Amino acid sequence: MNEHSTASGTDTAPGGAGTGREMWGSRFGFIAAAVGSAVGLGNMWRFPYAAAEHGGAAFVLLYVIITFLVGVPIMIAEFGLGRSTRLSPIGALRRSGGPAWAPAGYLFVGAGFLILAYYSVIAGWVSRYALEAVLTPWPADAEAYFNEVSGNTSAVFYHLGFMALTLLIVAGGVKAGIERVSSFAMPLLALILVGIAVWATTLLGADEGYRYYLTPDFNELLSLDTLAAAASQAFFSLSLGMGAMLTFASYLQRDTSLPREATIVALSDFGIAFIAGLVVFPVIFAMGLQSAVSESTVGALFIAIPGAFVEMGAVGRVVGILFFVALFIGAITSAISLLEVVVSSVVDEWKMNRRKASIIGGIIIALIGILPARDLSVLNAMDRVAAEVFLPLGGLVLALLVGWGPAGRSLDAFAEGASPRTRSLLIGWRWTLRLAVPPLLIIVLSRTIPAGIDAIRAIGG
Ligand code: PHE
């Protein structure tokens, strides 16, 4: 996200193709919204633990490779499909591929439903941590506190509150709602997180945390499970495989370079995830709470981190507030992109107005979310299935549609607005989508589908 970005002249939108579709107010606004979608709980909650669990720096390396080899190409595909059709996923796949591809659009919308339903539950916990830290210090018994926050009544209540806020922003529209919120919230998030990471270097024992996070275990690189973990993490973190980026690009002018924007979004997303690790581990290790890390990912973020902040006293309280506010910002800007996929699909397919679609879509998702709010095993199963199966599956569909199917026959839709040099790179890009991405995603799915089935079986157990 750089400041000169607004210079590329996409100021007030004259309605581009004359479709009457709402447009982003500026290039910066689009990038802020796309980075806002990408950066979220996935970066600050899932990434550090996935890295620690799967070989530290070795995982980080693999993750970077996948982000740029698979993530950026898929993102360019989504951007191009959205911008050229000016439609949300169902219509975009139908228009660019033919009617046979439309059902995949429903898969995308379904993934949006499922992910937002449980994402909002976790975001609800985050909201309570942030809110209460401002009002009173967190209780010393971090575990008991987490049990209370994630207990039925509280979790349902904060989940509904978070959904209400998400709904309000999306109902406000692309420019007045989503763009306005993301444009100030994302720079703020980056500032807070970098600030905390710098502060964390001063902690006694921080180096042990860095070592834990970044010591490479290269044996992990050879494991297919690590590959599957890195790839599904990349899809989740970059908001790929369910049309969020596609939908955002459907409000984009034609004069921006899609490969450049995709690279900016991916770099920002990785940067924030990496810095989150530089916060989380020093804090936990400085307070000697490392045993909590290996327990569960949820436990680590919601028990070890708040526990460490409580032990640090007044400074911990301030930093704790900032950290959870940053998490909240990440969560809300991601949640609006999830709801936007659903809303824009209803608007495009059934010609409903935005406000009505937001209210109906938001309420249905809020109701579904009551289930994971009341039962963590449901939440876990939804995360496994939606994030680790639906998203890579969606990625496979996109790679086939653009790589081999009708949508990629001409590169114009993807090259428009890019420099001549970038255009020639797009030929290599299409070969990547054809040959590299599908086999990789099939390997990933061969691992994540059985894991998803196991998680469904474990519900209630
Ligand atoms: N990328 C978001 C995060 O990391 C989650 C998300 C997934 C948002 C898919 C939109 C679509 O938190």
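Check the entry above for the structure.
Because the structure is predicted, anything quoted here is derived from the model rather than measured. Every chain's residues receive numbers from 1 upward, in the order its sequence appears when written. With the structure being a predicted model, the display of local features is reserved for residues of pLDDT at least 70 and the display and counting of side-chain atom pairs for 80 or more, all residues being used for whole-chain, interface and lining totals. Processing note: side-chain calculations cover all non-hydrogen atoms of the structure and skip hydrogens and water entirely.

Draft legend 1. Highlighting the overall build of the protein. Within the protein one finds 19 helices and zero strands. C-alpha atoms define the radius of gyration, and 2.2 Å times the number of residues to the power 0.38 defines the globule rule. Over its C-alpha atoms the protein spans a radius of gyration of 21 Å, differing by no more than 12% from the 23 Å that the globule rule assigns to 461 residues. Overall, the C-alpha framework of the protein stretches about 60 × 50 × 50 Å when taken along its three principal axes. Looking at the protein residue by residue over its 461 residues, the buried ones come to 61%. Within the protein, contacts between residues at least 6 apart in sequence are counted, and of these 83% link residues at least 24 apart. Carbon and sulfur atoms make up 66% of the accessible area of the protein, which totals about 16,900 Å². A residue counts as positive if it is Lys or Arg and as negative if it is Asp or Glu; His and the chain ends are not included. Lys charges are placed at NZ, Arg charges at CZ, Asp charges at CG and Glu charges at CD. In the protein, 27 positive and 29 negative side-chain charges are present, and the distance between their average locations comes to 13 Å. Helix and strand definitions here come from DSSP, where helices need a minimum of 4 consecutive H or I residues and strands a minimum of 2 consecutive E residues; each element is numbered from the N-terminal end. Note on exposure labels: buried denotes an accessible area under 20% of the residue type's maximum, exposed denotes more than 50%, and partly exposed covers the range between, all computed with a 1.4 Å probe on protein chains only. Whether two residues are in contact is decided by their heavy atoms, any of which lying within 4.5 Å being enough. Every accessible area reported is derived by Shrake-Rupley at a probe size of 1.4 Å, with residue values counting cover from the shown protein chains alone.

Draft legend 2. Representation of the site of the ligand in the model. Neighbouring residues are identified by heavy atoms, a residue being near a molecule or strand if any of them is within 4 Å of it. Around the ligand sit 14 residues in total, of which Ala-38, Gly-42, Tyr-119, Phe-236 and Ser-239 are the nearest. Under this definition, polar contacts are N or O atom pairs within 3.5 Å; protein pairs additionally need one hydrogen-donor-capable and one acceptor-capable atom, and for neighbouring residues in sequence, both atoms have to be side-chain atoms. In this structure, an oxygen atom belonging to the ligand sits 2.9 Å away from a main-chain N or O atom of Gly-42. Within the complex, the protein chains bury 100% of what would otherwise be the 330 Å² of accessible surface of the ligand. Contributing elements (two or more residues each) for the shell around the ligand: α1 (27-38), α2 (41-53), α10 (224-237) and α15 (313-350).

Draft legend 3. Local environment of the pattern of salt bridges. Salt bridges are defined as contacts in which a side-chain nitrogen from Lys or Arg sits within 4 Å of a carboxyl oxygen from Asp or Glu. Enumeration over the complete set of coordinates arrives at twelve salt bridges. Here Arg-128 ties to Glu-148 by a salt bridge, and the two come within 2.5 Å at their closest N and O atoms. With Arg-128 in helix α5 (residues 102-135) and Glu-148 in helix α6 (residues 142-149), this pair connects stretches of sequence that are 20 residues apart. With a relative accessible area of 8%, Arg-128 lands in the buried category. Asp-207 is paired through a salt bridge with Arg-211; the nearest N and O atoms lie 3.7 Å apart. Taken as a pair, Asp-207 and Arg-211 lie in helix α9 (residues 206-214) at a separation of four residues, close to a single helical turn. By relative accessible area, which is 46% here, Asp-207 ends up partly exposed. Each of Arg-46, Asp-383, Arg-384 and Glu-388 takes part in a single network of salt bridges with overlapping partners.

Draft legend 4. The arrangement of the nonpolar core in detail. Ranked by size, the top nonpolar core spans 165 residues in total, and within it Phe-323 and Phe-324 carry the most contacts. When residues no more than four places from it in sequence are discounted, the contact partners of Phe-323 are Leu-193, Ile-196, Val-279, Val-280, Leu-301, Ile-305 and Phe-309. Note on terminology: a nonpolar core comprises buried Ala, Val, Leu, Ile, Met, Phe, Trp, Tyr and Cys residues joined through side-chain atoms within 4.5 Å.

Draft legend 5. Summary view of α15. The span expected for a helix works out to 1.5 Å for each residue beyond the first. Here α15 is 38 residues long and its end C-alpha atoms lie 54 Å apart, about the 56 Å a rise of 1.5 Å per residue gives. At Glu-340, α15 shows its maximal kink, close to 25°. Of all 38 residues in α15, 27 are buried; the element is thus mostly enclosed. Of the residues trailing α15, Lys-351 is marked for its positive phi of about 55°. The angle between axes fitted to the seven-residue stretch ending at a residue and the seven-residue stretch beginning at it gives the bend at that residue.

Draft legend 6. Broad picture of the packing of helix α16 (residues 354-374) against helix α17 (residues 376-403). For every element, the axis is a line fit to its C-alpha atoms; helices are fit only across the contacting stretch, and the angle between N-to-C directions ranges from 0 to 180 degrees. Packing of α16 against α17 brings their axes to within 5 Å, and their N-to-C directions diverge by 115°. Residues Ile-368, Leu-371, Pro-372 and Arg-374 of α16 lie in contact with α17, whose contacting residues are Leu-376, Val-378, Leu-379 and Met-382. In this count, Pro and Cys sit with the nonpolar residues alongside Ala, Val, Leu, Ile, Met, Phe, Trp and Tyr, while Asp, Glu, Lys and Arg are called charged and the others, Gly among them, polar. Looking at the contact of α16 with α17 residue by residue, the classes come out as seven nonpolar, no polar and one charged.

Draft legend 7. Local environment of a nonpolar patch on the surface. A cluster of nonpolar side chains, namely Leu-400, Trp-404, Ile-427, Trp-431 and Leu-435, defines an oily patch on the protein surface of about 530 Å² accessible area. The dominant element in the nonpolar patch, judged by the number of residues it contributes, is helix α19 (residues 420-457), at three residues. Tracing the sequence through the fold places Leu-400 in helix α17. Patches draw on residues past 30% relative accessible area with no salt bridge. Two like charges within 9 Å are joined, as are two nonpolar side chains (Val, Leu, Ile, Met, Phe, Trp, Tyr) within 5 Å.

Draft legend 8. How the structure looks around the environment of Val-39. Locating Val-39 in the fold gives a position in the loop between α1 and α2. For Val-39, a relative accessible area of 0% corresponds to the buried category. The contacts of Val-39, once residues within four sequence positions are left out, are Met-186, Leu-189, Ser-237, Ser-268, Asp-269, Ile-272, Gly-330, Thr-333 and Ser-334.

Draft legend 9. Geometry of the packing of aromatic side chains. Note on aromatic pairs: the rings of Phe, Tyr and Trp (six-membered ring only in Trp) are paired at centre separations within 6.5 Å, and the planes decide the class, stacked below 30 degrees, edge-to-face beyond 60, tilted for the rest. Counting across every chain of the model gives 29 aromatic pairs. Ring plane angle 40° and centroid distance 5.1 Å describe the contact between Tyr-212 and Phe-285, whose orientation is recorded as tilted. Of this pair, Tyr-212 sits in helix α9 while Phe-285 is found in helix α12 (residues 258-286), placing the two residues 73 residues apart along the sequence. Taking relative accessible area as the criterion, Tyr-212 reaches 34% and is therefore assigned partly exposed. Its relative accessible area of 8% is what places Phe-285 among the buried residues. Cation placement over rings: the criterion is NZ of Lys or CZ of Arg within 6 Å of the ring centroid and within 35° of the ring normal. Directly above the ring of Phe-236 sits Arg-46, whose terminal nitrogen or CZ lies 4.8 Å from the centroid. A cation over a ring is seen here: Arg-434 above Trp-404, with NZ or CZ 5.4 Å from the ring centre.

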